[in-house]
Amino acid sequence: MSKAKAKAKQIKGKLKETVGGATDDKDMQAEGRGEQMAGKAQETAAKAAERLKKSGR
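Keep in mind it's a predicted model, so treat the numbers as computed, not measured.

Positive phi, close to 60 degrees, is recorded for D24, a residue that is not glycine. Locating D24 in the fold gives a position in the loop between helix 1 (3-22) and helix 2 (26-55). Classification of D24 by relative accessible area gives exposed; the value is 57%.

Encoded structure:
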């Protein structure tokens, strides 16, 4: 996954968390936090892959 897609997933998760908070929907808040964490993990993996590619491995 690209860094841009991972960042978009984080933003989508933040939006879900915010809407869940505004509507008092705990499940939506939790889902949003989960998406944010998944997006951060994917972004980290994409950055690591880029570093490996640049190092020639």
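Moving on: the environment of G13. Along the chain, G13 turns up in helix 1. Take G13: its relative accessible area is 0%, and that puts it in the buried class. Taking C-alpha positions, G13 is 8.3 Å from G39, a pair spaced 26 residues apart along the chain. Those residues in contact with G13 that lie beyond four places of it in its chain are G32, R33, E35 and Q36.

What follows covers the pattern of salt bridges. Proximity of charged atoms lets side chains of opposite charge pair with each other. Tallied over the full model, the rule gives eight salt bridges. Residue K16 is joined to E35 by a salt bridge in which the shortest nitrogen-to-oxygen separation is 2.7 Å. On the criterion of sequence distance, the pair formed by K16 in helix 1 and E35 in helix 2 is long-range, its members being 19 residues apart. Residue E43 is joined to K47 by a salt bridge in which the shortest nitrogen-to-oxygen separation is 3.9 Å. Of the two residues, E43 and K47 both sit in helix 2, four residues apart, roughly one turn of that helix. Given the relative accessible area of 13%, E43 is considered buried. By relative accessible area, which is 37% here, K47 ends up partly exposed.

Take helix 1 next. With 20 residues, helix 1 extends 29 Å between its outermost C-alpha atoms, agreeing within 8% with the 28 Å of an ideal straight helix rising 1.5 Å per residue. All of the buried residues along helix 1 are A6, Q10, G13, E17 and G20. Projected onto a plane normal to the axis of helix 1, the buried residues spread over an arc of 90 degrees and lie on a single side. Of the residues in helix 1, the exposed ones pointing more than 90 degrees away from the buried face are A4, K5, I11, L15 and A22. Residues of helix 1 that are buried make contact with helix 2. Immediately downstream of helix 1, the backbone of D24 shows phi near 60 degrees, a positive value.

Conventions and cut-offs
Residues numbered from 1 in each chain as written. Predicted model: local features only at pLDDT ≥ 70, side-chain atom pairs only at ≥ 80, totals over all residues. Heavy atoms only, no water. Helix = DSSP H or I, 4+ residues; strand = E, 2+ residues; numbered from the N terminus. Buried < 20%, exposed > 50% of the residue type's maximum accessible area, 1.4 Å probe, protein only. Contact = heavy atoms within 4.5 Å. Salt bridge = Lys/Arg side-chain N within 4 Å of Asp/Glu carboxyl O. Expected span 1.5 Å × (residues − 1). Arc of directions from axis to C-beta.

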